[in-house]
Amino acid sequence: MKNTSDKPFHGYLGPSSLGSPLYESFGIEYCTSYDDVQSFANLMWPSGNGNFSKTMHSYANLVSQLDNMVMKMVFESYGVEKYYESHNESISYLLKVMKYRPAKAGESNLGAAIHTDKPFLTILNQNQVGGLEVQIKDSDEWVAVEFLPSSFVVMATDPFMAWSNGRLRAPRHRVVMNGKEDRHSIALSTFKNGTVEIPEEFIDDEHPLRFKPFDHFKYLESFAKNPTYLDERAIISFCGV
Ligand SMILES: O=C(O)CCC(=O)C(=O)O
Ligand SMILES: [Fe+2]
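Cut-offs and rules
- Residues numbered from 1 in each chain as written.
- Chains lettered and ligands numbered in written order.
- Predicted model: local features only at pLDDT ≥ 70, side-chain atom pairs only at ≥ 80, totals over all residues.
- Heavy atoms only, no water.
- Buried < 20%, exposed > 50% of the residue type's maximum accessible area, 1.4 Å probe, protein only.
- Helix = DSSP H or I, 4+ residues; strand = E, 2+ residues; numbered from the N terminus.
- Patch = residues over 30% accessible without salt bridge, like charges linked within 9 Å, V, L, I, M, F, W, Y side chains within 5 Å.
- Areas by Shrake-Rupley, 256 points an atom, 1.4 Å probe, with all protein chains shown as cover.
- Salt bridge = Lys/Arg side-chain N within 4 Å of Asp/Glu carboxyl O.
- Phe/Tyr/Trp six-rings, centres within 6.5 Å; stacked < 30°, edge-to-face > 60°.
- Lys NZ or Arg CZ within 6 Å of the ring centre and 35° of its normal.
- Arc of directions from axis to C-beta.
- Contact = heavy atoms within 4.5 Å.
- Polar contact = N/O pair within 3.5 Å; in protein donor to acceptor, adjacent residues only side chain to side chain.
- Pairing = 2+ DSSP bridges.
- Donors = N, O, S within 2.8 Å, 3.2 Å for Na, K, Ca; no water.
- Near = heavy atom within 4 Å.
- Nonpolar A, V, L, I, M, F, W, Y, C, P; charged D, E, K, R; others polar.

Caption draft 1: Highlighting unusual backbone geometry. One non-glycine residue with positive phi stands out, namely serine 150, at about 50 degrees. Among the residues examined, serine 150 registers a relative accessible area of 71% and is labelled exposed. Despite not being glycine, asparagine 165 has its phi angle at roughly 55 degrees, a positive value. Within the secondary structure, asparagine 165 sits in the loop between α4 (158-163) and β8 (173-176).

Here it is as structure tokens:
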């Protein structure tokens, strides 16, 4: 296998990785750096692929700006903007390109099992084939996510929920393949290098500390080794108080 990484879930993920045989993805690590996108392209095309590299690099950089804007707005809206710069300096970006094939006769049409995301933030886009569904908070109701043209879905995650001491919620979601066409989606994810600290501003008598500080990549490693829960219970059992 060529697209490998020493970090969990950062390289190629074969069928069954997201709990479904329909799913497959490649991972482009450090995708905001042209050299790193080019190294990925060189793995796939022996003589490189300039168009691919330029497009992916430019996509990653544009969407990383969206990530920065969203994060800044969240930090500001909670009155903890003084932590934004150090957060921003300590993140790395992963671009994941995903493919879901339609289910064969007799096969389940679940493209990705119910889960919450493990990066710090995920920003999604897809081709014209839908299938992403999000569970309404505290209910059994699922809604199909509609991607309007040139719109993005921004998904909060387990680590983001822990950082906010439970104020933000990581939505449970899944992919359901109903049609006969392949679905392609693309995710820009951020990961924090080092420890995620819960800002003291989030802790008071009414909101006692719910999550201990944790190392983001250690959380990923622990989850990869022992994925008992795919949803937010994974982080609660890892560093919940
Ligand atoms: O393909 C999608 O729209 C969602 C993928 C997803 O949930 C994930 O990669 O965590
Ligand atoms: Fe997800």
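Caption draft 2: How the structure looks around a nonpolar patch on the surface. Together, Ile203, Leu209 and Val241 give the surface a local cluster of nonpolar side chains, amounting to about 250 Å² of exposed area. Mapped onto the fold, leucine 209 is located in the loop between β10 (195-196) and β11 (214-215). On the accessibility criterion, leucine 209 (33% relative accessible area) is partly exposed.

Caption draft 3: Spotlight on the packing of aromatic side chains. Here the structure, examined in full by the defined rule, presents 16 aromatic pairs. Between phenylalanine 75 and tyrosine 84, the aromatic rings sit 5.8 Å apart at their centres with planes inclined by 75 degrees, giving edge-to-face as the arrangement. The pair formed by phenylalanine 75 and tyrosine 84 is uniform in burial state, with each residue classed as buried. Here phenylalanine 214 and tyrosine 219 contribute two aromatic rings whose centre-to-centre distance is 6.2 Å and whose plane-to-plane angle is 75 degrees, an arrangement assigned as edge-to-face. For phenylalanine 214, a relative accessible area of 3% puts it in the buried group. Taking relative accessible area as the criterion, tyrosine 219 reaches 1% and is therefore assigned buried. A cation over a ring is seen here: lysine 118 above phenylalanine 223, with NZ or CZ 5.0 Å from the ring centre.

Caption draft 4: Just helix α5 (residues 216-225), in detail. Those residues of α5 that sit buried are His216, Phe217, Tyr219, Leu220 and Phe223. One side of α5 holds all its buried residues, which, seen down the axis, span an arc of 155 degrees. Among the exposed residues of α5, those oriented more than 90 degrees off its buried face are Lys218 and Lys225. On its buried side, α5 packs onto β2 (91-100), α4, β9 (183-192), β10, β11 and α6 (233-239). Near the N-terminus of α5, the side chain that reaches the backbone nitrogen of phenylalanine 217, with its oxygen 3.1 Å away, is that of aspartate 215.

Caption draft 5: Expanded view of the environment of proline 15. On the secondary structure map, proline 15 appears in the segment before β1 (23-29). Take proline 15: its relative accessible area is 45%, and that puts it in the partly exposed class. Distance from proline 15 to asparagine 3, taken between C-alpha atoms, is 15 Å for residues 12 residues apart in sequence. Setting aside residues no more than four positions away along its own chain, proline 15 makes contact with Ser20, Pro21, Tyr23 and Glu24.

Caption draft 6: View of the pairing of β9. The buried fraction of β9 is high, at 9 of 10 residues. Across 10 bridges, β2 lies against β9 in antiparallel orientation. Considered in β9, the bridge of leucine 94 is made with serine 189. Both strand β4 (residues 121-126) and β9 contribute to a ladder of 6 bridges, which runs antiparallel. Looking at the pairing, isoleucine 123 lines up with leucine 188 of β9.

Caption draft 7: Fine view of the coordination of the iron ion (ligand 2). Listed as protein donors to the iron ion (ligand 2) are His115 (NE2), Asp117 (OD) and His173 (NE2); their distances from the metal cover 2.1 Å. Of the residues examined, histidine 115 reaches a relative accessible area of 10% and is grouped as buried. When its relative accessible area of 3% is taken as the criterion, histidine 173 is described as buried.

Caption draft 8: Spatial organisation of the site of ligand 1. Taken together, Lys96, Met98, Tyr100, His115, Asp117, Leu124, Leu132, His173, Val175, Arg183 and Ser185 are the residues near ligand 1. Residue serine 185 places a side-chain N or O atom 2.6 Å away from an oxygen atom belonging to ligand 1. Starting from 290 Å² of accessible surface for ligand 1 in isolation, the protein chains cover 96%. For the shell around ligand 1, the secondary structure elements donating two or more residues are β2, β8 and β9. The greatest single-element share of the shell around ligand 1, amounting to 3 residues, is contributed by β2. Residue composition of the shell around ligand 1, grouped by class: 5 nonpolar, 3 polar and 3 charged.

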